[in-house]
Amino acid sequence: MIIDGKAIAERIKGKAKNCCSDCYRKPNAVAFILGENPSSEAYLRMIERTLKSVDFGYTLIRLPETISEEELLQKIVEKNLDTEVDGILVQMPLPEHISEERVIMTIAPEKDLDGFHPINAGRLFKGEKGTRPCTPLAVITIFKELDIDLEGKYIVVIGRSNIVGKPLAVMLMQNNATVTICHSKTVDLEEHTRKADIIIVAVGIPNFLTRDMVTEKSIVIDVGINEVDGKIVGDVDYDSMKDYVHMITPVPGGVGPVTNAVLLLNLIEHFRGVVR
Ligand code: NDP
């Protein structure tokens, strides 16, 4: 079965729209972008489309690349204090003279839409309420939407980055899965993947997971986004295994659309004051 990420994203948007239809105001997000970067612009246009499709507020603040770190931090603090703003995004990468770490630390944890603030990371680690990073949240949401019970499942996550692999492994464990995290130093990777009920790949290498590394029973989730000859492809050799494995996400049209849609869930939680 091919997992239809676009359909799941539409269901999430429908729920998001309904859950704020009778509120005193709509949830509002603010994004900061410094200078010009085509892929950042494209990403933010997608975020804007998603927010506008459910009538949520969105303001893009464009700042010159030459802005000082202090000025940028001051602008973030102003939005932290603005009671009409529920979520803040600062588009990375930032110019070299600005510390990403300081920027992330300055966003109030209760407005941190990306879930990258160390307080939110700590809350995730401890299993407390907090904002979860969108991509791991999207993967968990796909399982929930498809009624895939993670309890007792053996899941292999390939990739251990702070924004995907590590937080995802913690979230899977909190859903009672047995989790193995693999990375570039893992020996005999296919020994792990062939035993897994679910394989999640977040490596950043096209065609990384090949058919000989999976079985007919595997559920394969491809987080990768790579550009090859002008086309977007994932980390999985999709064509060779789409008719073989039990379930698989395509790229594009799998994890990506769900990642955008779950941003709405984070924004709603901030709006409702669930995350403090
Ligand atoms: P990183 O580059 O930060 O991490 C890649 C991970 O893959 C590392 O942990 C690395 O191991 C591991 N790795 C690299 N080579 C191998 C190998 N040969 N065998 C096993 N593991 C390996 O990437 P990200 O986590 O940021 O992103 C991963 C992919 O997901 C990218 O394609 C990215 O574009 C995509 N992405 C997609 C998103 C979405 O919403 N769909 C959002 C974010 C990212 P080690 O730690 O040992 O170096």
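Note that the structure is a prediction, hence the values are computed from the model and not measured.

Undergrad: Just to check I follow, could you spell out the overall build of the protein chain for this structure?
TA: Along its length, the protein chain carries 10 helices and 10 strands. Computed over C-alpha atoms, the radius of gyration of the protein chain comes to 19 Å, within 12% of the 19 Å expected from 2.2 N^0.38 for 276 residues, which places it in the range of a compact globule. Along the longest, intermediate and shortest principal axes, the C-alpha atoms of the protein chain span 55 × 45 × 35 Å. With 276 residues in all, the protein chain has 50% of them scored as buried. Restricting the contact set of the protein chain to residue pairs at least 6 apart, pairs at least 24 apart contribute 70%. For the protein chain, the computed accessible surface area is about 13500 Å², with 51% contributed by carbon and sulfur atoms. If you average the places of the 32 positive and of the 40 negative side-chain charges in the protein chain, the two averages end up 4 Å apart.

Undergrad: What exactly am I supposed to notice about the sheet that holds strand E7 (residues 219–222) here?
TA: The parallel open sheet is built from 5 strands, whose spatial order is E5-E4-E6-E7-E10. With partners counted over all chains shown, the strands left at the sheet margins are strand E5 (178–182) and strand E10 (247–248), one partner each.

Undergrad: Even after reading the chapter, I still don't get the pattern of salt bridges, so can you show me in this structure?
TA: Where side chains of opposite charge bring their charged atoms close, a pairing between them can arise. Applying the stated rule across the entire model yields 12 salt bridges. Taking the shortest distance from any N to any O, the salt bridge between Lys 15 and Glu 145 comes out at 2.7 Å. One end of the pair, Lys 15, is in helix H1 (residues 5–19); the other, Glu 145, is in helix H6 (residues 134–145), with 130 residues separating them in the sequence. With relative accessibility at 49%, the residue Lys 15 sits in the partly exposed group. One salt bridge connects Arg 102 with Glu 70, and the closest N-O pair in it is separated by 3.5 Å. With Arg 102 in helix H4 (residues 100–106) and Glu 70 in helix H3 (residues 69–81), the pair connects residues that are 32 residues apart, well separated along the chain. Because the salt bridges share partners, they merge into one network encompassing Arg 11, Lys 15 and Glu 145.

Undergrad: In this structure, what is going on with helix H2 (residues 38–53)? I would like to understand it.
TA: Under the 1.5 Å per step criterion, the end-to-end length of H2 is 22 Å for 16 residues, consistent within 8% with the ideal 22 Å. Inspection of H2 places Ser 40, Glu 41, Leu 44, Ile 47, Thr 50 and Leu 51 among the buried residues, and these make up the whole buried set. Taken together, the buried residues of H2 touch H1, strand E1 (28–34), strand E2 (57–63), strand E3 (87–90) and helix H10 (255–271). Phi turns positive, to about 65°, at Asp 55, one or two residues after H2.

Undergrad: Help me understand the packing of aromatic side chains in this model?
TA: Any aromatic ring pair is given by two values, namely how distant the centres are and how the planes are angled relative to each other. In this structure the tally under the stated criterion is 1 aromatic pair. For the pair Tyr 24 and Phe 271, a centre-to-centre distance of 5.9 Å together with 20° between the ring planes defines the contact as stacked. You can see Tyr 24 sitting in the loop between H1 and E1 and its partner Phe 271 sitting in helix H10, a full 247 residues away along the chain.

Undergrad: Quick question: what am I supposed to make of the nonpolar core here?
TA: For soluble globular proteins, the rule of thumb is that nonpolar side chains tend to be buried together. Counting 50 residues, the largest nonpolar core has Phe 56, Phe 143, Leu 150, Leu 172, Ile 198, Ile 200 and Ile 221 as the members making the most contacts within it. Considering each element in turn, this core owes the most residues, 9 residues, to H10. Counting only domains with at least three residues in this core, you end up with domain 1 (24–108) and domain 2 (134–255). Excluding residues within four positions of it along the chain, Ile 198 makes contact with Phe 143, Ile 148, Leu 150, Tyr 154, Ile 155, Val 156, Ile 219 and Ile 221.

Undergrad: Just to check I follow, could you spell out unusual backbone geometry for this structure?
TA: Backbone geometry follows two general trends: most residues other than glycine have a negative phi, and most peptide bonds adopt the trans configuration. Cis geometry is adopted by the peptide bond preceding Pro 93, which originates at Met 92 and carries an omega value of 0°. You can see Pro 93 is positioned in the loop between E3 and H4. With omega at 0°, the peptide bond leading from Val 251 into Pro 252 counts as cis. Among the secondary structure elements, Pro 252 is positioned in the loop between E10 and H10. Phi at Asp 147 takes a positive value of approximately 55°, unusual for a residue other than glycine.

Undergrad: Even after reading the chapter, I still don't get the site of the ligand, so can you show me in this structure?
TA: Around the ligand, a shell composed of 20 residues is seen, among which Arg 160, Ser 161, Ser 184, Val 223 and Ile 225 lie nearest. At 3.5 Å from a nitrogen atom of the ligand is found a main-chain nitrogen or oxygen belonging to His 183. Contact between the ligand and Ser 184: an oxygen atom at 2.6 Å from a side-chain N or O atom of the residue. Coverage of the ligand by the protein amounts to 68% of the 930 Å² it exposes when considered alone. Residues of the shell around the ligand, tallied by class, amount to 10 nonpolar, 9 polar and 1 charged.

Rules of the game
Residues numbered from 1 in each chain as written. Predicted model: local features only at pLDDT ≥ 70, side-chain atom pairs only at ≥ 80, totals over all residues. Heavy atoms only, no water. Helix = DSSP H or I, 4+ residues; strand = E, 2+ residues; numbered from the N terminus. Rg over C-alpha atoms; globule rule 2.2 N^0.38 Å. Buried < 20%, exposed > 50% of the residue type's maximum accessible area, 1.4 Å probe, protein only. Contact = heavy atoms within 4.5 Å. Areas by Shrake-Rupley, 256 points an atom, 1.4 Å probe, with all protein chains shown as cover. Lys, Arg positive; Asp, Glu negative; His and termini not counted. Charge placed at Lys NZ, Arg CZ, Asp CG, Glu CD. Pairing = 2+ DSSP bridges. Salt bridge = Lys/Arg side-chain N within 4 Å of Asp/Glu carboxyl O. Expected span 1.5 Å × (residues − 1). Phe/Tyr/Trp six-rings, centres within 6.5 Å; stacked < 30°, edge-to-face > 60°. Core = buried A, V, L, I, M, F, W, Y, C linked by side-chain atoms within 4.5 Å. Domains from an automatic or database assignment. Near = heavy atom within 4 Å. Polar contact = N/O pair within 3.5 Å; in protein donor to acceptor, adjacent residues only side chain to side chain. Nonpolar A, V, L, I, M, F, W, Y, C, P; charged D, E, K, R; others polar.

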